[in-house]
Amino acid sequence: MKPQTILIKGGRVIDPSRSHDSVADALLKDGVVVAVRRNIAMPDGARIVEAKGLVVCPGFVDLHCHLREPGYEDKETIATGTRAAAKGGFTTVCAMPNTRPLGDSPATVEYVLRKAREEGTVRVLPIGCVTKGSMGQELAEMGELAQAGVIGFSDDGRPVNDANLMRQALSYSSAFRLPIINHCQVDELFQGGVMNEGWVATRLGLRGVPNSSEEAMVARDISLAALTGGRVHLAHVSTAGTVELVRRAKEQGVPVTCEATPHHLTLTEEAALGRNGGGRFDPLTPQGYNTYAKVNPPLRSQADVDAVVEGLRDGTIDVVATDHAPHNTVDKQCTFAEAAFGISGLETALGSLLSLAHSGRMPLLRLVEAMTAAPARFLKRDDLGTLAKGAAGDVVVFDPDAEWKVDARQFVSKGKNTPLDGTTLRGRVVATIYGGQVVYEQAGGGPKTR
Ligand SMILES: [Zn+2]
């Protein structure tokens, strides 16, 4: 498919990279942004996207998702995962390497890139492993992985336990100016936990994970980043203590960045209770717990959620990342202890996050920045996350007020695992444009294009 000439007319253009927030037209041609201003004349043969009453912003950039291919194509493929991304307004997704085989060799990285070129709907940027086999024993061939095109290194799903190995990883990766993305969890404190250590775990008789499991490793990683000068990026932060540690580290100029997921920004541990109680605990329902709310790190307390929201608002938390983790139904329809960790999040991210803007807890401009300009800065890509002239023609058009009921069966992701199934969200993607091509349009109620 060739890029089209597309004129997006009359939307509220929010482009935090240029502090732009006003009604304007946006013109895309030959796959790039040509102009954003008022009253652009209709070029010959252009496709029009009517965006009156809608928000127009750079395509979202997701630094953390699991596309599962190669090896777990029953859970997701690059084809289905990138279609889900487009439906969620994402035009760039970074794929975690915990595939089979793992992304610890250039061959797997090249496979992911080739598959994405052939079957992907949006841009895929691979992440490579920190250690061989993600075993935490020996560094992966980071130089070769960097050459193959990874944007960072992570053993996500597992922490880098060995502090000396983490030190070496940070020293070594700084030569390529690439970050180490750590899944912060002290295994000795995690101890087979399945949800937050708190009253819900106690009521359900389940093993809890204390906040310290995350915070102790965050403190270690900050110290190692200061020691080595290497870039450390903390995946999916979930606790108030973590936010405070990062805030202080940043004040001291330590090269640390971090991300928060839509679920850690909007849901508490109470989501693990069965839904029949309407959020209130009811031990007599057949659904005494909800495995779809089982995620790692676990959903935390309201105080933690509030601190994470505040951290995102004030920039302590740099970006929003989905940690999209699709699973099979059988991985979730079992006991809470047996269920897999993870939430399929690409298609509900925007609707969830907009609740923060609607309630006045997060300026819309900051929210969009955390999904566009901030992750682009992290990737050192000045062609992404912006509508500056010459930038990639990646645009999302969304209706911030459209209400819709989540129906996981309608997900294009293979992963139907979401605790939001059946809930109503306010805010929906109506069109996604990638490289100057419309790659998603909401069926029925989408923007009028002609
Ligand atoms: Zn993780």
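It should be noted that the structure appears before, not after, this text.
The sections below set out a description of the structure shown in this document.

## Quick word on the pairing of strand β14 (residues 256–260)
Inference 1: Most of β14 is tucked away: 4 of the 5 residues are buried.
Inference 2: As judged from the 3 bridges shared by strand β13 (residues 232–234) and β14, these two strands associate in the parallel manner. Across the sheet, the residue bridging to His-233 is Thr-257, located in β14.

## Focus on the coordination of the zinc ion
Inference 1: For the zinc ion, every protein donor is listed as Asp-156 (OD), His-183 (ND1) and His-236 (NE2), and the spread of their distances is 2.0 to 2.2 Å.
Inference 2: In primary-sequence terms, the residues that donate to the zinc ion follow D-x26-H-x52-H. Of the two residues, His-183 sits in the loop between β10 (180–182) and α5 (187–190) while His-236 sits in the loop between β13 and α8 (240–251), which places them 53 residues apart along the sequence. An identical accessibility class is assigned to His-183 and His-236; each is buried.

## Considerations on the pattern of salt bridges
Inference 1: Within the structure shown, the criterion is met by 21 salt bridges.
Inference 2: With its nearest N and O atoms 2.7 Å apart, the salt bridge here joins Lys-75 to Asp-331. Residue Lys-75 is found in the loop between β6 (60–65) and α1 (78–87), and its partner Asp-331 is found in the loop between β15 (319–320) and α11 (349–358); the two are separated by 256 residues along the sequence.
Inference 3: Residue classification places Asp-331 among the buried residues on the basis of a relative accessible area of 18%.
Inference 4: Linking Asp-394 and Arg-123 is a salt bridge whose minimum nitrogen-to-oxygen distance equals 2.8 Å.

## Remarks on the pairing of strand β17 (residues 424–434)
Regular strands place side chains that alternate from one sheet face to the opposite one.
Inference 1: By the bridge criterion, 8 bridges tie strand β16 (residues 395–405) to β17 in an arrangement that is antiparallel. By the bridge assignment for β17, Phe-398 is matched with Val-429.
Inference 2: Two strands pair when backbone bridges link them, and β17 and strand β18 (residues 437–441) are joined in this way by 4 bridges, in the antiparallel orientation. In the sheet register, Tyr-434 faces β18, and the bridge partner there is Gln-437.
Inference 3: Count of turn residues in the β17/β18 antiparallel hairpin: 2 residues, of which Gly-435 carries a positive phi of about 55°.

Conventions adopted
Residues numbered from 1 in each chain as written. Predicted model: local features only at pLDDT ≥ 70, side-chain atom pairs only at ≥ 80, totals over all residues. Heavy atoms only, no water. Buried < 20%, exposed > 50% of the residue type's maximum accessible area, 1.4 Å probe, protein only. Helix = DSSP H or I, 4+ residues; strand = E, 2+ residues; numbered from the N terminus. Pairing = 2+ DSSP bridges. Donors = N, O, S within 2.8 Å, 3.2 Å for Na, K, Ca; no water. Salt bridge = Lys/Arg side-chain N within 4 Å of Asp/Glu carboxyl O.

Take it as geometry only, folks, not as evidence of what the structure does.
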